[in-house]
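Coordinates in review
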Amino acid sequence: MSTTTTEIARFAFVRPDDVAGAVAAGAAAGQGGRFWAGGTDLMLEWQRKQRSIETSIDITRLSELRGIDVGPSEIRIGALTTLAEIERAAAVHPDLETLAAIAAVMCTPQTRTLATVAGNLCNASPAADLAPVLMVLGARITTLTAEGGRELELEDLFAAPKQSVLADGELLTHITIPLGGRRAVRYGRIARTVVDIALTLSACALTLDDQGRIITARIAFGSVAPTPLRAPSGEQLLVGKTLAELTPELLAEAATAAAGDANPIDDIRTSAAYRRHAIRVLTQRALTEAVAQLSVGGDQ
Amino acid sequence: MITVLVNGREQAFEPAADASLAYMLREEAGLIGVRVSCGEGECGACTVLVDERPVTSCLMLAHQAAGRKVTTIEGFGSPENLHPIQQAFIEEQGFQCGFCTPGFIIAAAAFLEENPSPTEEETSIAMSGNICRCGAYPYIVRAVMTAAERLRGASV
Ligand SMILES: Cc1cc2nc3c(=O)[nH]c(=O)nc-3n(C[C@H](O)[C@H](O)[C@H](O)COP(=O)(O)OP(=O)(O)OC[C@H]3O[C@@H](n4cnc5c(N)ncnc54)[C@H](O)[C@@H]3O)c2cc1C
Ligand code: FES
Ligand code: FES
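Residues numbered from 1 in each chain as written. Chains lettered and ligands numbered in written order. Predicted model: local features only at pLDDT ≥ 70, side-chain atom pairs only at ≥ 80, totals over all residues. Heavy atoms only, no water.

Overall, the coordinates contain 22 salt bridges over all chains when judged by the stated rule. A salt bridge links R183(A) to D95(A); the nearest nitrogen and oxygen atoms lie 2.8 Å apart. One end of the pair, R183(A), is in strand β12 (residues 182-191); the other, D95(A), is in the loop between α3 (83-87) and α4 (97-103), with 88 residues separating them in the sequence. Using a relative accessible area of 11% as the deciding quantity, one classes R183(A) as buried. In this structure, R186(A) engages E289(A) in a salt bridge whose closest nitrogen and oxygen atoms are separated by 3.2 Å. Here E289(A) lies in helix α10 (residues 272-296) and R186(A) lies in strand β12, a separation of 103 residues in the sequence. For R186(A), a relative accessible area of 28% gives the class partly exposed. Where salt bridges share partners, they join E87(A), R88(A), R112(A), R53(B) and E114(B) into one cluster. (Salt bridge = Lys/Arg side-chain N within 4 Å of Asp/Glu carboxyl O. Helix = DSSP H or I, 4+ residues; strand = E, 2+ residues; numbered from the N terminus. Buried < 20%, exposed > 50% of the residue type's maximum accessible area, 1.4 Å probe, protein only.)

Below is the structure:
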């Protein structure tokens, strides 16, 4: 491990070679420590003096935390997998197609080479684009500290705008997506241009059991609440239904109920009223597309 | 101290812990073809290749480049022997003031490496991480399309 502190530097820089070294460095650094991944959020916060950092711990050399593995019952995404890698992951597993499509419209090509999936989640922005789709995929995250590890639902990661529940020195190591059933994952995103932060994003996932009934329905939103948000009110109307029972009227009702869970604000990008309207429309479209996808694949 | 393979030459640097790669390349290596405009990842003027992949060097810590291979516009062609993408930008007038050009050329190089036969639409999407304040976009897209054709010819 190399350590650098120069006179003019305002933080110390450490570069551990492995995960054990990283959590040890995290424990040693305590409150002033920051894991530094792609830095695409951190560099701006540092330069704008929005965050004080005493030690930055470069985790980009932890190659064991990089890449996507598909197992029989789950997909495992390493924390340091970059958006550029996720963008190219549609071929890895069909359930990742939507995640890949969203990654492809985030940031810019040359920032996607740097930006990581864990950075997007741990930064805990209400607009973190990967969060809603990973939430509807039922993602869980695994973290590690010098004391040991824990696993939690992704939706429990977000505490407040730009604040996760992770403790100082707690490293997100990977994200796990459970497999099983026939799943359709769809999303709608509205942004000023493809590379701009989203005004709103809605993602949904519907899973069918062997009897052709919806066994899980998940809806989640970006940029309509203080954190990425699961919208359970719409989901409850869909579980247990057959595809034939998922009429346009029912999907509209579910989208309206889901939108009721949103709690948007006015900001520089758009108004709360627009967000509330858009999230309902995007959800209805995403649900309609998901049902259409499951109907087409019906006789497989 | 760190060593970085810059444009094919092993070089030693002593950047501040919080210095960006762009700052180190400009101020310590004198590679002023690395342009810094927004300094926030939006404009792509500072695009360089790190291990052959394009990155906004204003967002990367200089120390993160330790032991890696960095290519700036200075590592592309020489005035006597221009890289085919540089040649195509001149012929198609893919610039006006030229400030954004190094970033565009490097983004184009990385893109054409992955997609040697792009459509115009794919090209504009791939160039979406670069901003041209002079608005030379149609000429830039044409330059990249011309370069793609040349590079395909060269590799046959
Ligand atoms: C020009 C530009 C455009 C952008 N566009 C978008 C967009 O369209 N959509 C979007 O969602 N975001 C966007 N972003 C934000 C940003 O690029 C993403 O959030 C990115 O995924 C962050 O990843 P990173 O690796 O760069 O994070 P970093 O900046 O390295 O880290 C972010 C935070 O996460 C913490 N962290 C990182 N990794 C770990 C880990 N393994 N364990 C614990 N904590 C960790 C860090 O300590 C820090 O607090 C944009 C940024 C820029 C500069
Ligand atoms: S200067 Fe780096 S992206 Fe604008
Ligand atoms: S040519 Fe002037 S900014 Fe692009």
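All names here are of chain A. Across the sheet, five strands lie side by side as β5-β6-β11-β7-β8; this open sheet has antiparallel pairing. Two strands lie at the open edges of the sheet, namely β5 (68-70) and β8 (148-153), each paired on one side alone. Averaged over neighbouring strand pairs, the angle between their axes works out to 20 degrees when direction is ignored. (Pairing = 2+ DSSP bridges. Axes fitted to C-alpha atoms, helices over the stretch in contact; angles between N-to-C directions.)

For the rest of this paragraph, the subject is the side chain of N123(A). Residue and element names in this part refer to chain A. With respect to the helices and strands, the residue N123 is situated in the loop between α6 (117-122) and α7 (130-136). Accessibility expressed as a relative area gives 11% for N123, which makes it buried. Within the local environment of N123, its side chain forms a polar contact with the side chain of K162, the two groups lying 3.4 Å apart. (Polar contact = N/O pair within 3.5 Å; in protein donor to acceptor, adjacent residues only side chain to side chain.)

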